[in-house]
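Below, each chain spelled out in residue letters.
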Amino acid sequence: MRVIGHVAVNVFKESVRDKILYNLVVFAVLLISASYLIGELTAGQDVKIIKDLGLASISIFGLLIAIFIGIGLVWKEVEKRSIYTLLPKPMRRQEFLLGKYFGLVLTLVINVAVMTLALYAVLAYMQAATPENIRASWPAPATDPAMLKAIALIVLELLLVTAIALFFSTFSSPFLSAMMTVAVWVIGHFNEDLRNYGATIASPVAATIAKGIYYFVPNFAAFDVKLQVVHAQPIPLRYLALTSFYGVTYVAFVLLAAVVIFSKRDFK
Amino acid sequence: MKVHPLAWAALVALFAAIVGLQVLQTREQPLGLPAGVSTNLLYVRAPEFARRAALSFHALAADLYWIRTVQHYGSTKLSTEANKQYDVLYPLLDLTTSLDPYFDVAYKFGSVFLAEEYPSGAGRPDQAIAILKKGLQAQPDKWELAQELGFVYYWWLGDYDDAAMWFNRAADMTKAPDWLRPLAAVTLAQGGNRTSSRTLWTEIARSADADWLRDQATFRLKQLDAMDGIDFVESIVERYRARTGTLPSSWADMIRAGLLRAVPPDPTGTPFVLDASTGRVMLDPNSSLNPLPNRERPL
């Protein structure tokens, strides 16, 4: 565990050195400028739109970091040949790989936490600046704590995307890894179509294969409750628990597969 | 490598030329399209496609379409073009509400944009009804949407049976306010009258979640006050005729007769106009309250 921790901290320090956290500045500027401009364009829907924009930005910035840093975690060490100096050290390959993963997870969690604070700060300002009669028509307060449910599921989604990016990077080039990770993420939003494929084709074999893929491909659509929280729609605790358990299980599966492939990889 | 000074000069000259030519081009008359051809462009019209393409960013995509809806409505309303068209208003609202089925304001304001008479709005109460019914499919217990439906039937179509039916349906829904049931009864019994109109607009003014909608309701309430004022002044004109056997030729006649103390104004302060040949009282053509609703359509 200590070794994993050391690697993880180094990955985090490297991401700070690589100015990954600069995206926070972009996020803050985007939110603050949007909160000024959007009121003029949206017929009084500024708080809803800032919530949508904030949650979508947390997700998009996180995805970009997860994919484009995740694919380089292993590749960079191979490219710089530093892997040859690292592997002979008293460190197992799985520790190296998991350390890389948790390092990026740490970067992502800190990113999301700061962005969440910035979003709540902007919303708190908007709440304070809005007259009582307008606030009464909102489905939920601007600083509704229920938004944290959506943010928690975004974090889980990012953990899974990072694991998938790392998995592909253990055996593929960064370009291919990025393509494949994005492809899996996109396909993961069309799961519903795969499930209903049987209703549109005559072949029962094709329908069974489609259903099989439906059960196996990560269901990224399940992690998206942004729309519901913004409209103060109820999200059952059971749904949150089941989706969280699904996410964690899938992450464990992908990480284990990555460890198996990485352990068998020949670096000579 | 050192850059030749002439290259810098050429760069500046070309940049100035680009800007200058663009200025000239802007001053040119646009070639334009034949009258009646819409220039409103909408790349995506299929809501199902938009839903899929938005992946997990449905709400944000809905917001973008909503901003476009507001811009399209606002710019078309303010446009001075003779053939201005609201032709993408309904598709934009359809996309917005398909991407975010809980976007109540898109249903509520959207129905106002659609139902408002041309050229202030699209003049399509049928589409306003369609978008509100879509909203009720997504949220069957949203009384505000049922009330808006009743309002479209009441105000824009003059269909009081359907209006009363929707006010009643709204009253049956959870959290519906008390005033809906009596409004339904009055609408059914008496059709459109100023009392029920006043109730509707007063509630809209009270509960409106946007300034422009509140302003609209305040404007309609002033129109109703003006109509009350006209009725009142016409009754005084009638008294003058009963007393003198002739119609007054001007307000001055009625002031001299002691029936008025001054020229009566409408709620904006603009004096009413007296038609000396018929005894009818009307708004000054310059009054901002024109046109009054009951002159063009029943209440």
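Residues numbered from 1 in each chain as written. Chains lettered and ligands numbered in written order. Predicted model: local features only at pLDDT ≥ 70, side-chain atom pairs only at ≥ 80, totals over all residues. Heavy atoms only, no water.

Caption draft 1: Just the overall build of chain A, in detail. Tallying secondary structure elements over chain A gives 13 helices and zero strands in all. In chain A, the succession of α and β elements from N to C terminus is α-α-α-α-α-α-α-α-α-α-α-α-α. Overall size of chain A, expressed as C-alpha extent along the three principal axes, is 70 × 55 × 30 Å. Going through the 268 residues of chain A one by one, you find that 49% of them count as buried. A sequence separation of at least 24 residues applies to 81% of the contacts in chain A between residues at least 6 apart. Surface summary for chain A: the accessible area is close to 13200 Å², and the carbon and sulfur share equals 71%. (Helix = DSSP H or I, 4+ residues; strand = E, 2+ residues; numbered from the N terminus. Buried < 20%, exposed > 50% of the residue type's maximum accessible area, 1.4 Å probe, protein only. Contact = heavy atoms within 4.5 Å. Areas by Shrake-Rupley, 256 points an atom, 1.4 Å probe, with all protein chains shown as cover.)

Caption draft 2: Structural view of the interface of chain B and chain A. Across the boundary between the two partners, chain B contributes 23 residues, which contact 25 residues of chain A. With both sides pooled, the region where chain B packs onto chain A buries about 2200 Å², and carbon together with sulfur makes up 66% of that total. Here chain B and chain A share two salt bridges between them. For Lys-48 of chain A, the salt bridge goes to Asp-63 of chain B, with nearest N and O atoms at 2.7 Å. Joining chain B to chain A, the criterion identifies five residue pairs in polar contact (both at pLDDT 80 or more). Broken down by secondary-structure element, the contributors of at least two residues to the side of chain B that touches chain A are helix 3 (58–78), helix 5 (104–115) and helix 11 (211–244) of chain B. With eight residues, helix 3 of chain B is the largest single contributor of residues to the side of chain B that touches chain A. Its residues placed into classes, the side of chain B that touches chain A shows 15 nonpolar, three polar and five charged. (Buried area = accessible area lost by both parts, 1.4 Å probe. Salt bridge = Lys/Arg side-chain N within 4 Å of Asp/Glu carboxyl O. Polar contact = N/O pair within 3.5 Å; in protein donor to acceptor, adjacent residues only side chain to side chain. Nonpolar A, V, L, I, M, F, W, Y, C, P; charged D, E, K, R; others polar.)

Caption draft 3: Focus on the pattern of salt bridges. Residue and element names in this part refer to chain B. Under the definition given, this model contains 22 salt bridges over all chains. Close ionic contact of Glu-116 with Arg-220 constitutes a salt bridge, the shortest N to O distance being 3.6 Å. A residue pair is termed long-range when its members are at least 10 positions apart, and Glu-116 in the loop between helix 5 and helix 6 (125–138) and Arg-220 in helix 11 qualify at 104 residues. Both residues of the pair, Glu-116 and Arg-220, belong to the buried class.

Caption draft 4: The packing of helix 4 (residues 89–99) of chain B against helix 5 of chain B, seen in detail. Residue and element names in this part refer to chain B. With their axes 11 Å apart at the nearest point, helix 4 and helix 5 run at an angle of 175° to one another. Taken together, helix 4 and helix 5 sit at an angle that is classed as roughly antiparallel. Of helix 5, the residues touching helix 4 (which contributes Leu-89, Tyr-90, Leu-93, Thr-96 and Thr-97) are Ala-106, Tyr-107, Gly-110, Phe-113 and Leu-114. Here the contact of helix 4 with helix 5 is built from residues that sort into seven nonpolar, three polar and no charged. (Axes fitted to C-alpha atoms, helices over the stretch in contact; angles between N-to-C directions. Parallel < 35°, antiparallel > 145°, perpendicular 65-115°, else oblique.)

Caption draft 5: Up close: helix 4 (residues 72–79) of chain A. Residues and elements named next belong to chain A. Within the span of helix 4, buried status applies to Gly-72, Leu-73, Val-74 and Glu-77. Looking at the buried residues of helix 4, the elements they touch are helix 1 (2–17), helix 3 (46–70), helix 5 (83–86), helix 6 (93–129), helix 8 (147–169) and helix 13 (237–264). Among the residues trailing helix 4, Arg-81 stands out with phi positive, at a value near 65°.

Caption draft 6: Representation of helix 5 of chain B. The terminal C-alpha atoms of helix 5 of chain B, which comprises 12 residues, lie 17 Å apart, in line with the 16 Å expected from a rise of 1.5 Å per residue. The buried fraction of helix 5 of chain B amounts to 12 of the 12 residues, a majority that puts the element mostly inside the structure. (Expected span 1.5 Å × (residues − 1).)

Caption draft 7: Region of the structure containing the environment of Tyr-102 of chain B. Locating Tyr-102 of chain B in the fold gives a position in the loop between helix 4 and helix 5. Sequence separation between Tyr-102 of chain B and Leu-274 of chain B is 172 residues; the distance between their C-alpha atoms is 50 Å. Setting aside residues up to four positions removed in sequence, Tyr-102 of chain B forms contacts with Leu-227, His-231 and Gln-233 of chain A together with Gln-139 of chain B.

Caption draft 8: Seen up close, a nonpolar patch on the surface. A contiguous nonpolar patch, built from Ile-32, Tyr-36, Leu-37 and Tyr-125 of chain A and spanning about 490 Å² of accessible area, is present on the exposed surface. Structurally, Ile-32 of chain A is set in helix 2 (residues 23–37). (Patch = residues over 30% accessible without salt bridge, like charges linked within 9 Å, V, L, I, M, F, W, Y side chains within 5 Å.)

Caption draft 9: Here's a closer look at the packing of helix 8 of chain A against helix 9 (residues 174–187) of chain A. All names here are of chain A. At their nearest, the axes of helix 8 and helix 9 sit 9 Å apart, and the two run at 140° to each other. Crossing handedness for the pair helix 8 and helix 9: right-handed. Listed contacts from helix 9 to Glu-157, Val-161, Ile-164, Ala-165, Phe-168 and Ser-169 of helix 8 are Ser-177, Met-180, Thr-181, Val-184 and Trp-185. Looking at the contact of helix 8 with helix 9 residue by residue, the classes come out as seven nonpolar, three polar and one charged. (Left-handed = near helix turned anticlockwise from the far one by under 90°.)

Caption draft 10: Spotlight on unusual backbone geometry. All names here are of chain B. In the segment running from Tyr-118 into Pro-119, the intervening peptide bond is cis, with an omega of 10°. With respect to the helices, strands and loops of the structure, Pro-119 is situated in the loop between helix 5 and helix 6. Its identity is not glycine, yet Leu-55 carries a phi of approximately 50°, on the positive side. Residue Lys-175 is not a glycine yet carries a positive backbone phi of 65°. Summarising the element assignment, Lys-175 is placed in the loop between helix 8 (160–172) and helix 9 (180–190). Classification of Lys-175 as exposed rests on a relative accessible area of 79%.

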